[in-house]
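# Survey of secondary and tertiary structure
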Amino acid sequence: MDQQIYLDYNSTTPCDSKVLEKMIPYFNMIFGNASSTNHSFGWKASEAIENATNSIAKFLKVKPSEIIYTSGATESINSILRGVCDKFNSSHIITLKTEHKATLDVCSYMEEKGVRLTYLDVDQNGIVNINDLDAAITKETKLVSIMYANNETGVIQPIKEISKVCKRNNVLFFSDATQALGKIELKKFFSYVDYACFSAHKVYGPKGIGVTFIKNSSKKFLDSYILGGGQQKNLRGGTYNVPSIVGFSEAIELFNFNFLNYIKRTTKLRNNLQKGLLKIEEVNVNCISVKRLPNTLNISFKFVDGENLLNSLSRYIAVSNGSACNSQSVKPSHVLIAMGIPENLCFSSLRISIGKHTTESEVDKAIQIITKEVAVIRSSNLLWKKK
Ligand code: PLP
């Protein structure tokens, strides 16, 4: 088998070798516990964390004290949603039907615990209606949880407008920015939100490390989620994961170094891919007319059995039918369903995501392979033949 083409960078990315190199000494040479304040082993680890945090904060344009390390975005989401609900006796959370399962699953758990939840509809492009959001807010509402960029379609929500509504109504705003980091400029994002989260493995860093951004002024509305040891200002106990924190900081340094070029390059490759696949008859590119992540393409093929397509493609290309967390599920994508896409088309949709290692020739090969496999599957579909 030829080398497979990896086009699933929204699922995860390979850890950059420069990141790995930076991390290695912190496993066995500078191995101290950052909370050991009585000796130089601890001081060195603590210094590494301070340097990494300062560097991440500088890139994000936030204060180092606003950064909390977690095991990844899923933990960050759990800690924000549950932390806010624990702080208030009665509460109401508003979210979108198209959020990542990490958010939706925590929301349904909170619902079972008696928290009131509103799952807002989205339009045909997956975008929230600001008037619907405004109308859904009541005196009980404590938190709005709306992601910045969608992991399946790449669609970008109007964060500034959402923030305005939240501020006017005195409601906290959390945005899962896991897919936005490293793909679009965050600009004033942190002035709009109270809480946000990120994950290193989406940006060529190690797996198992994430960041929760907690605006200093919004700390008081959050209860600790993981207790023990008092680390991270009592908000998240547990020994600091020094190698991974150093790795996350290095990953951010690396993409920041050549960021605008990366955006230009991935946009070009994604658009080439889109152009090539649009030559196939009866396809829809989802969210084509709205702001999307530059690397993401979500495309539906009519008259194609999606499972067959993914099976045959899996010999040559790594793509997905949605979020990696959903890919074992036989249900259609909840994101596309919420956008009003018919169920049969949801099943025959692919999420293709480009990364910094993707080449023009890989894109060309992917177009050829997908075009061929779609034609093969359609050739045995009676409905296609009768068309
Ligand atoms: N949120 C979004 C938008 C994601 O894409 C993902 C990962 O797929 C997560 C949360 C979960 O991230 P992690 O793997 O760091 O827990």
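Attention in this report is confined to the structure presented alongside it.

What counts and what doesn't
- Residues numbered from 1 in each chain as written.
- Predicted model: local features only at pLDDT ≥ 70, side-chain atom pairs only at ≥ 80, totals over all residues.
- Heavy atoms only, no water.
- Phe/Tyr/Trp six-rings, centres within 6.5 Å; stacked < 30°, edge-to-face > 60°.
- Helix = DSSP H or I, 4+ residues; strand = E, 2+ residues; numbered from the N terminus.
- Buried < 20%, exposed > 50% of the residue type's maximum accessible area, 1.4 Å probe, protein only.
- Pairing = 2+ DSSP bridges.
- Axes fitted to C-alpha atoms, helices over the stretch in contact; angles between N-to-C directions.

## Remarks on the packing of aromatic side chains
- Tallied over the full model, the rule gives 12 aromatic pairs.
- Ring geometry for Phe31 versus Phe41: centroids 5.5 Å apart, planes at 50°, classification tilted. With Phe31 in the loop between helix 2 (25–28) and helix 3 (40–60) and Phe41 in helix 3, this pair connects stretches of sequence that are 10 residues apart.
- You can call Phe31 partly exposed: its relative accessible area is 49%.
- For Phe41, a relative accessible area of 43% puts it in the partly exposed group.
- Ring geometry for Phe259 and Tyr262: centres 6.4 Å apart, planes at 5°, overall stacked. Placement of both Phe259 and Tyr262 in helix 10 (residues 259–277) is noted, with a separation of three residues, approximately one turn of the helix. Each of the two residues, Phe259 as well as Tyr262, counts as buried.

## Describing the sheet that holds strand 7 (residues 195–199)
- Read from one edge of the open sheet, seven strands run 2-8-7-6-5-3-4, paired in mixed fashion. Of all the strands in the sheet, just strand 2 (67–70) and strand 4 (116–120) have a single pairing partner and so form its edges. Within the sheet, the average angular offset between the axes of one strand and its neighbour, ignoring direction, is 20°.
- Here five bridges tie strand 7 to strand 8 (residues 210–214), and the two strands are oriented antiparallel to one another.

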